Each structure stands twice: as C-alpha cells, then as structure tokens.
Amino acid sequence: MAPMTRSFSPGGIPTADVATYYEKRAQGEVGLILSEGTVIDRPSASNDANVPHFYGEQALAGWQRVIDGVHAKGGQMGPQIWHMGIMDNHHSGWVPPVPFEGPSGLNRPGNNNGTTMTEKDIEETILAFGKAAVDAKKAGFDCVEIHGAHGYLIDQFFWEGTNLRTDSYGGKTLVERTRFATDVIKEVRKQVGEDFAVIIRLSQFKPSEYTYKLANTPQEMEAWLQPLVDAGVDILHCSQRRFWEPEFDGSDLNFAGWAKKLTGKATITVGSVGLTGDFFGAFAGESSQPSSLDELTRRMDRGDFDLVAVGRPILADPNWVTKIKAGQTGELKGFTKEALGELIME
Ligand SMILES: Cc1cc2nc3c(=O)[nH]c(=O)nc-3n(C[C@H](O)[C@H](O)[C@H](O)COP(=O)(O)O)c2cc1C
C-alpha cells in the first residue's frame, strides 16, 4: 500500500479509526503497508493540524495501536516519516507555530513562504528523522520509509530551483545537493542498526512541475541515487504518476527499472497501477476505472522492480488485493473523489 495522507488524526494523534483503517488493509492481504506521511518533531514540519505526528507520547501511542492491529492480522508496516519543508498555507487557515523552514525559503522557484534553515536547524532536523526511525523500530514496525519525494523538504534540497544555498548543503551539482538526504539516511541507519529495512521515496516530478526531471540521463540518475545507497538505504521507492512511462529515450524502463539497473538495489514502482487515471487527476476530482495489470506483470516478470505500491485502489477498497488474487475483477471499485473524504473500512 502506497503512503497516502488522510488528515484524520486531529492534533496529530492517530485515532482508533485510523488503526482500524490500516488493520482492514492487513486483513485484506496487503503484503506491506506504508503509512500516510507522518511528521517528525520539528515545529513547522506540517501545514495541516490533522496530519499525524510521529513524536510525542499520545501520537506514538496511537501508532502503537496501528502496528499492533496490523500485526494481529498478519500484515507488515512501516511509517513514512516526513517533513514538509516550505509549504503553501493550508486551505483550513491553520498555520504551524513558527514559519515553514527549508533550504532557501522556497517551495518552488520564486515562491518564498518561510525561512532558510541554519546549520543548527539542519542538524536538529536530521536528528529528528533519526529519532522517528528508532521510535518506529521500538514500536515494532517492520521498516521505515523516508519521504524524499514530491517537492517536500528533502526534495527541496535536491532541486536546484529551491536550493540556492552556497554552503555544503547546496551546490551546482545534484551530487552536492544530495548531502542533506545522505545525512538523514546515515542518521536513520545509525539509529535503527543494520537489521532494519530503510526505504527512501523519490520522485523526479514536482507537484508544481509535473514534467520536471532532476536527472535527465542515466548518468545523472546514478549520480543522484548512488550517494543515497552508499549512505545506507535498502530500497528505492520510485514515485511516478504512471508506472508505464519510460524514464529516458531509447528504453522502455521506468524510474524503478532504471534505479534498480543503475544501483542494483531493490526498488518499488508505483503510479496508476490498476487504474485508468493518475492521482493528480484524482485531486482535481476525476474518477478512474479499473484497468488491466498485464503491462505491470510483464515488467515485474522481466525483473524491472521488486515491489509494487498501490495507492488509490487500496484507499478505496481494503479488499483490493484479495479480489485481484481471486481474479474477481468484476468486483473492483475504481476510484471516485468521494473516497478521499472518508476512511473506508469495508
Ligand atoms: C489521497 C492521497 C494522499 C497521498 N499522500 C501521500 C503521502 O503522504 N506521501 C507520499 O509519498 N505520497 C502520497 N500520495 C501519492 C501516493 O503514494 C501514490 O504515489 C499515488 O497516489 C500514485 O499511486 P496510485 O496511482 O496507485 O494512487 C498520495 C496520494 C493520494 C491519492
């Protein structure tokens, strides 16, 4: 199950309903659940009062209920630990107690909505990622995913359009701009030890620029990913809007396919698996119908990637996997915008 923000955790505390929502997916035979993005202990890590925290006694007690419920049904799960970085203000009007923080105050080129992090801010943020990871391990989660995608804090460091720093966390090359991510990974690894899977989620695209690519060639991609692998990450979660889209000209390999080929690491693919429309369309209110899995299995059988993340179909239907396994394709629900507004339990 792909990580999907639900905003059903008032004050950052996952409720009993949130625990039931995940438990139902474990019962529905989802092999590995990645939680919705859950924020680390920084005062402006979130722009939404209902996004869960992964710090503080009450929020961690909520997550304990979640993982215990998932394990009771035979599932496995990791939290997706997250710092949003510089954000636009939330439509609810809620704002964090201090300004948003990021590499250079920008969430897209030219759009300043926060402060530039000092080296001390950076150091404390790295430690907060490590703390969240070790708390996940202590609670009994099976792995942890670092959110490095979709234009949030870690991605703001990767992107030359939002990282204008002249210190060692910035630089003209993508390799130089991986330093924040590699420091986070090293701290997480140090905290959780060797025998605990660490995943990082990455995307080429930014929500403000769908077609943007951090890496324009396989060589640039290798320069981006290899430092992350060297820092100690086990699995690369390669976020695309549509998994079938080739990453570079001259090959049909997608992002996860290239990432595996270039680094030899296990990869996760994602993006419109089993659905006709992509997830940005879903945010704009578009519905999607179930679609064939043939192209996905062709790539999987070829060894392009190791795991497949499925988002909206499992958000909308806890029994999606069971139905796929049983070949009950006529009973698949597709995805409508109404599904975004509730925690679907049945
Ligand atoms: C409601 C919703 C919330 C999402 N929240 C997150 C998130 O918290 N973290 C993340 O990395 N991706 C998030 N995504 C992206 C999904 O993880 C996934 O990559 C995307 O939906 C494509 O997969 P799909 O086509 O199977 O839905 C979200 C997507 C949706 C639909």
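Predicted model, so just to flag it, every value in this text is computed and none were measured.

Looking at helix α6 (residues 179–192)
Alright, step 1. Spanning 14 residues, α6 covers 20 Å between terminal C-alpha atoms, matching the ideal 20 Å at 1.5 Å per step.
Alright, step 2. Burial analysis of α6 places 10 of its 14 residues in the buried class, the great majority of the element.
Alright, step 3. One or two positions beyond α6, positive phi appears at G193, with a value near 80°.

So, helix α2 (residues 57–72)
Alright, step 1. Its 16 residues place the ends of α2 22 Å apart at the C-alpha level, agreeing with the 22 Å of an ideal helix rising 1.5 Å per residue.
Alright, step 2. Where α2 is buried, its residues contact α1 (16–27), β1 (33–39), β2 (77–82) and α3 (119–139).
Alright, step 3. Among the residues trailing α2, G74 stands out with phi positive, at a value near 85°.

A word on the layout of surface pockets
Alright, step 1. Roughly 470 Å³ of volume is contained in the second largest pocket.
Alright, step 2. Counting only elements with at least two residues in the lining of the second largest pocket, the list comes to α10 (294–301), β11 (307–309) and α12 (320–325).
Alright, step 3. Broken down by element, the residue count for the lining of the second largest pocket peaks at 4 residues, all from α12.
Alright, step 4. In the lining of the second largest pocket, the residues fall into 18 nonpolar, 2 polar and 3 charged.

Things to note about the nonpolar core
Soluble globular proteins tend to bury their nonpolar side chains together.
Alright, step 1. One finds Y22, I146, F180 and W224 to be the most contacted residues of the largest nonpolar core, which totals 83 residues.
Alright, step 2. Among the elements that take part in this core, α3 stands out by supplying 8 residues, more than any other.
Alright, step 3. Ignoring any residue separated from it by four or fewer positions in sequence, one finds I146 in contact with I81, F129, I154, V184, I185, V188, V198, I199, I200 and R201.
Alright, step 4. Among the nonpolar cores identified, the runner-up in size contains 9 residues, and A45, V51, M87 and Y152 belong to it.

Quick notes on the site of the ligand
Alright, step 1. Not every one of the 19 residues close to the ligand is listed here, only the nearest: P3, T5, R201, S272 and R312.
Alright, step 2. Interatomic distance of 2.7 Å between a side-chain N/O atom of R312 and an oxygen atom of the ligand.
Alright, step 3. Alone, the ligand offers 600 Å² of accessible surface; in the complex the protein occludes 96% of this.
Alright, step 4. For the shell around the ligand, the secondary structure elements donating two or more residues are α9 (279–283) and α11 (312–316).
Alright, step 5. Taken together, the residues of the shell around the ligand sort by class into 9 nonpolar, 8 polar and 2 charged.

What about empty space enclosed by the protein?
Alright, step 1. Counted under the stated rule, the structure contains 1 cavity of 30 Å³ or more.
Alright, step 2. What the largest cavity holds in volume is close to 50 Å³.
Alright, step 3. For the largest cavity, the full set of lining residues is G274, L275, P290, P313, D317, W320, L332, K333 and G334.
Alright, step 4. Per-class residue counts for the lining of the largest cavity are 5 nonpolar, 2 polar and 2 charged.

Overview of the environment of V321
Alright, step 1. Looking at the secondary structure, you find V321 in helix α12.
Alright, step 2. Linking V321 and F180, residues 141 residues apart in sequence, is a C-alpha distance of 36 Å.
Alright, step 3. Discounting residues that sit within four places of it in the chain, V321 has contacts with G28, E29, V30 and I314.

Notes on the sheet that holds strand β7 (residues 143–147)
Alright, step 1. Judged by pairing direction, the sheet is parallel, and its 7 strands sit side by side in the order β1-β2-β7-β8-β9-β10-β11 without closing on themselves. Each edge of the open sheet is held by one strand with a lone partner, namely β1 and β11. In this sheet, adjacent strand axes meet at a mean angle of 25° when their direction is disregarded.
Alright, step 2. The pairing of strand β10 (residues 266–270) with β11 spans 3 bridges and is parallel. Of the residues in β11, the one forming a bridge with V270 is A309.

What about the environment of R108?
Alright, step 1. When you line up the elements, R108 lands in strand β4 (residues 106–108).
Alright, step 2. Each C-alpha atom, one on R108 and one on Q219, is 25 Å from the other, the two residues being 111 residues apart in sequence.
Alright, step 3. Of note is the side chain of R108, whose polar atom sits 3.1 Å from the side chain of D88.

Some details on the pairing of strand β9 (residues 235–239)
Alright, step 1. In terms of burial, β9 is largely enclosed, as 5 of its 5 residues are buried.
Alright, step 2. Burial of the side chains of β9 extends over both faces: I235, H237 and S239 are buried on one face and L236 and C238 on the other.
Alright, step 3. Two elements, strand β8 (residues 197–203) and β9, share 5 bridges in a ladder whose sense is parallel. When the sheet's bridge partners are listed, S203 is paired in β9 with S239.
Alright, step 4. Note that the unit made of β8, helix α7 (residues 218–231) and β9 has a crossover that is right-handed.
Alright, step 5. Where β9 and β10 come together, 5 bridges link them in parallel fashion. Following the sheet pairing, I235 is matched in β10 by A266.

What counts and what doesn't
- Numbering of residues begins from 1 in every chain and follows the order in which that chain's sequence is written.
- Two thresholds apply to this predicted model, a pLDDT of at least 70 for residue-level local features and 80 or more for giving and counting side-chain atom pairs, whereas whole-chain, interface and lining totals are computed over all residues.
- For side-chain calculations, the full set of non-hydrogen atoms in the structure is used, while hydrogens and water are omitted.
- Numbered from the N terminus, helices here are DSSP runs of H or I no shorter than four residues, and strands are runs of E no shorter than two.
- To estimate the expected span of a helix, subtract one from its residue number and multiply by 1.5 Å.
- To sort residues, take the accessible area from a 1.4 Å probe on protein chains only and compare it with the maximum for the residue type: under 20% means buried, over 50% means exposed, and anything in between is partly exposed.
- Should any heavy atoms of two residues lie within 4.5 Å, those residues are counted as being in contact.
- Both cavities and pockets are sets of points on a 1 Å grid over the protein atoms alone; in a cavity a 1.4 Å probe fits but cannot get out, in a pocket the set is open with protein on both sides within 12 Å along at least five of seven lines, and lining residues sit with an atom within 4 Å of a point.
- Grid points are joined across faces, edges and corners, and a volume is the space filled by probe spheres set on the points.
- Three categories are distinguished: nonpolar for Ala, Val, Leu, Ile, Met, Phe, Trp, Tyr, Cys and Pro, charged for Asp, Glu, Lys and Arg, and polar for the others, with Gly belonging to the last.
- To qualify as a nonpolar core, a set must consist of buried Ala, Val, Leu, Ile, Met, Phe, Trp, Tyr and Cys residues joined through side-chain atoms within 4.5 Å.
- A single heavy atom is enough: if one lies within 4 Å of a molecule or strand, its residue is considered near that molecule or strand.
- Side-chain atoms alone can form a polar contact between residues adjacent in sequence; in general such a contact is a pair of N or O atoms within 3.5 Å, and within protein one must be able to donate a hydrogen while the other accepts it.
- All accessibility values rest on the Shrake-Rupley procedure with a 1.4 Å probe; residue burial counts only the protein chains present in the view.
- Here the rule is simple: two strands pair whenever DSSP picks up at least two bridges between them.
- The axes are straight lines fitted to the C-alpha atoms, using for helices just the contacting stretch, and the angles between their N-to-C directions are given from 0 to 180°.
- Here is how to tell: hold the view so the strands point away, follow the path from the first strand over the helix to the second, and if it runs clockwise the crossover is right-handed.

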